[in-house]
Amino acid sequence: MKKLMAVLTCLTIAFSLAACANTPADNIPVSTPAPDSVGGAKPAPESDAAEPAAPAGNIRVANWDTDTMIYMPPMLSAFEAANPGITVEIIDIPSADYTQRLSVMLNGGSDFDAFWIKDGDTTKGLADRGQLADLSGYIARDGINLADFSGLAERFVMDGKTVAIPVSTGYYVLFYNKDIFDAAGEPYPSNDMTWADWEAMCARLTSGSGVDKKYGGLLHTWNALVQNWGVQDGKHTIMDTDYSFFKPHYEMALRMQDAGTIMDFGTLRSGNIHYSGPFLSGDIATMPMGTWFITTVIQRTQEGESDINWGIAAIPRPDGVPQGWTVGSVTPFAINEASGNKDAAWEFAKFISSPEGAELYAAGFAFPSRSTDATLQAIATSEGMPDDALQALKVANISLDRPMLDHVLEVNQMLGEQHGLIMLNEISVDEGLAEMSRLSKEIQGAP
């Protein structure tokens, strides 16, 4: 951990200095002249006009578990150095309570100015209640290109308004155990393979029995670890009411479970087995999981709790889906519609979603939504990362596991319940998909 923290400290200092050095003064927007008491806005004479004031003041920003985010201190320092008229006060809320307390605070007219949205799929509800400021004018004025955010920024355009801007993300990659591959004489996974390729690979890598068994793969008990591959193409979401697109992925998961090439769902659930345990103990050859697991693997290996020789590859894809398409989630940043200092809050939003902000996120092993070669290189070459990480981390598109739509939380909970019944063989795939369809229509009020 000391080695990891030393590396991260060096990276964050370097990125902080770069951020300060590369922020031109002419990027700071000017304020609008005050309206004349009689005839509206009165322009100042050109000859002796004073320089318009940049946004200034203290902004209060809500966040969760801030002490665990090692990128946050250098992020705040770099921003305040580049914007000397603005100070940032973090309102810290425990992670488990954050979404609920944020909603209560907004409903109560809290005076904070901006906030990170922990569960991105709750954005629409906040927007529907009129609690999110429209960022469209700021984005147009400052030339922010929404195409720079891996297909994520467009998700926050609602009713013609951009109500939030994505700042960080987590997406699925394939973790693998190099020692199991080497023992089997199997080439390491490529960054362009299909789910059918993965199924066949897992069969070749499975060996042994009982406590000595090595499984070719592991699909964790979350419904996302089957259903995500159905939405990977970007054409479907979990809010569809015809779930036939899940069928091939459930059939694959059940085939692999019956063949013993992945760990049994019932065993994982009844034993409350966390996915990290079997992988870090060296019993799993491959495992689809989010990039958030990278930090855990590095910490456990550097602390001597695991000796796994690991790597990552791009997540496998369905037939017909382009290489580099994956599934993930996003953390957006929004400005409180009730804020009295939106201009200063926007400067902070613009900074943390900028290339400079992205580099500071990356220095703390957080994956920025604005993914660039520089940010990915910073993560991929950090101490503890496997040598083959860079290409695996490059993505062309991130399909959201939970879209920004009404009733998404209720639908996802229902899908999780039906998922368990299918994986436990208590109902057939067709029966489960039919019940998903019926219940989804009921929840959404669809015919």
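Located above this text is the structure these notes cover.
Focus: the overall build of the chain
Thought 1: The number of helices and strands found in the chain is 18 helices and 14 strands.
Thought 2: Going through the 447 residues of the chain one by one, you find that 51% of them count as buried.
Thought 3: Within the chain, residue pairs in contact and separated by at least 24 positions form 76% of the contacts whose partners lie at least 6 positions apart.

So, the nonpolar core
Thought 1: Membership of the largest hydrophobic core comes to 89 residues, with the highest contact counts inside it found for F115, W116, F175, W310, F333, F348 and L393.
Thought 2: Sort the elements by how many residues they give to this core and helix 13 (residues 342-352) lands first, with 7 residues.
Thought 3: Sequence-distant contacts of F348, defined by excluding residues within four places in its chain, comprise I59, V61, L76, F79, V88, W116 and F333.
Thought 4: Y176, W195, M201 and M239 belong to the second-largest nonpolar core, a separate cluster that totals 43 residues.

A look at the side chain of K178
Thought 1: Tracing the sequence through the fold places K178 in helix 6 (residues 178-184).
Thought 2: This buried residue, K178, is left without a salt bridge; D388 holds the nearest opposite charge, at 4.1 Å.
Thought 3: Apart from the residues lying within four places of it in its own chain, the contact partners of K178 are Y188, N309, W310, G311, P386 and D388.

With respect to the environment of M201
Thought 1: Mapped onto the fold, M201 is located in helix 7 (residues 195-205).
Thought 2: Judged by its relative accessible area of 7%, M201 is buried.
Thought 3: Note: C-alpha distance between M201 and G217 (16 residues apart in sequence) is 8.9 Å.
Thought 4: Those residues in contact with M201, other than ones at most four positions away along the chain, are F181, E186, P189, M193 and T286.

Focus on helix 9 (residues 247-259)
Thought 1: The first and last C-alpha atoms of helix 9 sit 18 Å apart over 13 residues, in line with the 18 Å expected at 1.5 Å per residue.
Thought 2: The complete set of buried residues in helix 9 reads H249, Y250, M252, A253, L254, M256 and Q257.
Thought 3: For helix 9, the elements touching its buried residues are helix 7, helix 8 (224-231), helix 10 (265-270), helix 17 (408-423) and helix 18 (429-444).
Thought 4: In the segment just after helix 9, G260 is the residue with positive phi, at about 75°.

A short note on unusual backbone geometry
Leave glycine aside and you will find that most residues have negative phi; peptide bonds, for their part, are mostly trans.
Thought 1: For D159, which is not a glycine, the phi torsion comes out positive at approximately 55°.
Thought 2: Inspection of the secondary structure puts D159 in the loop between strand 6 (157-158) and strand 7 (161-162).
Thought 3: Taking the relative accessible area as the measure of exposure, D159 reaches 77% and is therefore exposed.
Thought 4: For H407, which is not glycine, the phi dihedral falls at a positive 70°.
Thought 5: As for its position among the elements, H407 is in the loop between strand 14 (397-400) and helix 17.

Observations regarding the pairing of strand 4 (residues 86-93)
Thought 1: Judged from the 8 bridges that link them, strand 3 (residues 57-64) and strand 4 form a sheet pairing that is parallel. Looking across to strand 4, one finds that N63 is bridged to D92.

With respect to the packing of aromatic side chains
Thought 1: What the rule picks out here adds up to 27 aromatic pairs.
Thought 2: Considering the side-chain rings of W195 and W198, the 5.4 Å spacing of their centres and the 90° angle between planes classify their relative orientation as edge-to-face. Taken together, the residues span about one helical turn, with W195 and W198 both in helix 7 at a distance of 3 residues.
Thought 3: By relative accessible area, which is 0% here, W198 ends up buried.
Thought 4: Aromatic side chains F246 and Y250 sit 6.4 Å apart centroid to centroid with 75° between the ring planes, which places their arrangement in the edge-to-face category.

Description of the packing of helix 9 against helix 18
Thought 1: At a minimum axis distance of 10 Å, the contact between helix 9 and helix 18 shows a crossing angle of 140°. Comparing their axes, helix 18 and helix 9 come out oblique. As helix 9 packs across helix 18, the resulting crossing turns out to be right-handed. Contacts from K247, Y250 and L254 in helix 9 reach V429, D430, L433 and M436 in helix 18.
Thought 2: Per-class residue counts for the contact of helix 9 with helix 18 are 5 nonpolar, no polar and 2 charged.

Thoughts on the pattern of salt bridges
Thought 1: Evaluated as defined, the whole model comprises 18 salt bridges.
Thought 2: For D128, the salt bridge is made with K124, and the minimal N-O distance between the two is 2.9 Å. With D128 and K124 both in helix 4 (residues 123-128) and 4 residues apart, the pair spans about one turn of that helix.
Thought 3: With a shortest N-O distance of 2.9 Å, R255 and E199 are connected by a salt bridge.

So, the side chain of D121
Thought 1: Tracing the chain through its elements places D121 in the loop between strand 5 (114-116) and helix 4.
Thought 2: Under the relative-accessibility criterion, D121 is labelled buried at 7%.
Thought 3: In this structure, D121 is in contact with R402, P403, M404, V408 and L409, ignoring residues within four places of it in sequence.

A word on the pairing of strand 10 (residues 284-290)
Thought 1: Burial of strand 10 is extensive: 7 of the 7 residues sit out of reach of the surface.
Thought 2: As paired strands, strand 8 (residues 165-177) and strand 10 are joined by 5 bridges and run antiparallel to one another. The residue bridging Y172 from the neighbouring strand is G290, located in strand 10.

The rules behind the values
Residues numbered from 1 in each chain as written. Predicted model: local features only at pLDDT ≥ 70, side-chain atom pairs only at ≥ 80, totals over all residues. Heavy atoms only, no water. Helix = DSSP H or I, 4+ residues; strand = E, 2+ residues; numbered from the N terminus. Buried < 20%, exposed > 50% of the residue type's maximum accessible area, 1.4 Å probe, protein only. Contact = heavy atoms within 4.5 Å. Core = buried A, V, L, I, M, F, W, Y, C linked by side-chain atoms within 4.5 Å. Lys, Arg positive; Asp, Glu negative; His and termini not counted. Salt bridge = Lys/Arg side-chain N within 4 Å of Asp/Glu carboxyl O. Expected span 1.5 Å × (residues − 1). Pairing = 2+ DSSP bridges. Phe/Tyr/Trp six-rings, centres within 6.5 Å; stacked < 30°, edge-to-face > 60°. Axes fitted to C-alpha atoms, helices over the stretch in contact; angles between N-to-C directions. Parallel < 35°, antiparallel > 145°, perpendicular 65-115°, else oblique. Left-handed = near helix turned anticlockwise from the far one by under 90°. Nonpolar A, V, L, I, M, F, W, Y, C, P; charged D, E, K, R; others polar.

Distances and angles like these do not, on their own, reveal function.
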